[in-house]
Amino acid sequence: MAGFVVAVFAGIFVTYIFVLALLQRTQNANEPPAIDTTIPSHLPMYTLRLPFVRLYVVNSPRLVQIVQKQVRTISFAPILVRMASTAMGVSQDAAKIISENHLSDDGFVHGVTAAIRPSLSPGPKLNALNRSAVQIIAASLDKVARHPTAVNPNLVEWVYRQVMIATMEGVYGPLHPFRDPDIQKAFLGFVKLMINILPALTARKSVQARNAMRSAFRRYFDDSAYEDLEASPLIKAKQATFWLIYHLYSDTELLAACRAELAEAIQDRGDTRLVDMACVRNKCPLLFSTFREVLRFYGIGISTRVVLEDTVLDNNFLVKKRGLIFIPGAGHHRLQSAWGEDADKFLARRSLKDNTKTGRGYDPVAFRAFGGGSTLCPGRHFAATEIMAFASLIVLRFDAQPSGGTWVPPTKQVLFSFL
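Being a predicted model, the structure only gives us computed values, none of them experimental.

A.B. asks: Would you take a moment to explain the packing of aromatic side chains for this structure?
C.D. replies: Scanning the entire structure with this criterion turns up 16 aromatic pairs. Note on Tyr-172 and Tyr-220: the rings are 5.7 Å apart at their centroids and 90° apart in plane angle, and the pair reads as edge-to-face. One end of the pair, Tyr-172, is in helix H7 (residues 155-172); the other, Tyr-220, is in helix H10 (residues 204-222), with 48 residues separating them in the sequence. Its relative accessible area of 11% is what places Tyr-172 among the buried residues.

Here it is as structure tokens:
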């Protein structure tokens, strides 16, 4: 028995040495430097070698701009095709339609973006979508005002549910599948399927959640519940909304200053008081700066691209075909070169034009909350208006105190249990 165990460990060791030597031997001298164990934040770009794949991590905003210009040789489209087949589990026929000409402007992938962009760009269609979502939020808060004891004491969960319902009803109409609490849970439950390693065993609950979602949307489309809709973006704004509410209420001076700004956006119409969202966007700089800072400080998204052919970036870094390029939002959001020496601190006033504390303010290149380049999130205007409207109505109508008397930020475990 002892000899067998020794043989197994010896085999593992030999395999490890072989793979390590293979990765080193196949590393091109012109590629970004490969790393072994320590993740270096000071390098503008580096390579993380794994069996069968190269991961190129871009830390420099200047290199990000260069990557984003290579739309023909570095693309996000293959990622979307993979998501359809793994996370969403579409049929083979659907997968064939989605993948056909997916790198072409005439393909399905680019066609979907082109189709939804007019409805999500500033204009009458986006105004109608925003108006619908805001009205749903206002109606929900009216219920809270009438029955304040009915509010879920868990602020994270309450905010997430409020934003989810407003988003889904604004996007999919009053017959949306997310009226069912089980579908709400299912929506949060199938992210693990992107890994796609024996999902029936490693992500059984995620597979069940995906199947429930698929059945619910099949009924939705079979019943033609979408007929009166003009747009169908799906925005995930719940986490940003929670952190905006949290920082506003946990800082009394900030709360008072934002309330003073918002008071200018109130319009009296007889017995009704309205909030002018155009005024909120254009004349509430501190509230908007706080919102931007929430997106910067808590944004953890990673922009991913597939290298379609060997490409040299900035006449310096070779990225090889089939490699993956990662642009980590969290890393760029903490760059001192972009945000100042206090980049690791939350500063609600960071993006104000008259901010003299940091001297830099809002950096458009290092700000990755909505991605960038050709894959800049088309729903960013809708998401921003929905979040700002929710925060504005909460701030103007309610006072809030934590049950324990002290504002304590939630743990990552609590936050990600609702993502």
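A.B. asks: I tried to follow helix H3 (residues 77-86) on my own but got confused; where do I start?
C.D. replies: In an α-helix, one full turn covers 3.6 residues, which means residues spaced three or four apart are oriented alike. Within the span of H3, buried status applies to Ala-77, Pro-78, Ile-79, Val-81, Ala-84 and Thr-86. Residues of H3 that are buried make contact with strand S3 (74-75), helix H4 (92-99), helix H5 (108-120), H10, strand S6 (302-307) and strand S9 (324-328).

A.B. asks: Even after reading the chapter, I still don't get the packing of helix H11 (residues 238-250) against helix H14 (residues 285-298), so can you show me in this structure?
C.D. replies: Helix-helix packing: each pair is described by the crossing angle between the helix axes and the interaxial distance. In the contact formed by H11 and H14, the axes pass within 9 Å of each other and the chain directions differ by 125°. Judged by the angle between their axes, H11 and H14 are oblique. Regarding H11 and H14, the two cross each other, and that crossing is right-handed. Contacts between H11 and H14 involve Ala-240, Trp-243, Leu-244, His-247 and Leu-248 from the first element and Leu-287, Thr-290, Phe-291, Val-294, Leu-295 and Tyr-298 from the second. In the contact of H11 with H14, the residues fall into nine nonpolar, two polar and no charged.

A.B. asks: Looking at this model, I keep getting lost on the sheet that holds S6. Mind explaining?
C.D. replies: Strands in a sheet are paired, the pairing made by backbone hydrogen bonds, and the direction either parallel or antiparallel. An order of S1-S2-S9-S6-S3 is seen for the five strands of this open sheet, with the pairing classed as mixed. The strands lining the two open edges of the sheet, one partner per strand, are strand S1 (45-50) and S3. Looking at chain direction, S3 and S6 are connected through two bridges and run antiparallel. Looking at S6, one finds that Ile-74 is bridged to Val-307. Here H3 sits on the sheet in contact with S3, S6 and S9, set at roughly 105° to S6.

Analysis parameters
- Residues numbered from 1 in each chain as written.
- Predicted model: local features only at pLDDT ≥ 70, side-chain atom pairs only at ≥ 80, totals over all residues.
- Heavy atoms only, no water.
- Phe/Tyr/Trp six-rings, centres within 6.5 Å; stacked < 30°, edge-to-face > 60°.
- Helix = DSSP H or I, 4+ residues; strand = E, 2+ residues; numbered from the N terminus.
- Buried < 20%, exposed > 50% of the residue type's maximum accessible area, 1.4 Å probe, protein only.
- Contact = heavy atoms within 4.5 Å.
- Axes fitted to C-alpha atoms, helices over the stretch in contact; angles between N-to-C directions.
- Parallel < 35°, antiparallel > 145°, perpendicular 65-115°, else oblique.
- Left-handed = near helix turned anticlockwise from the far one by under 90°.
- Nonpolar A, V, L, I, M, F, W, Y, C, P; charged D, E, K, R; others polar.
- Pairing = 2+ DSSP bridges.

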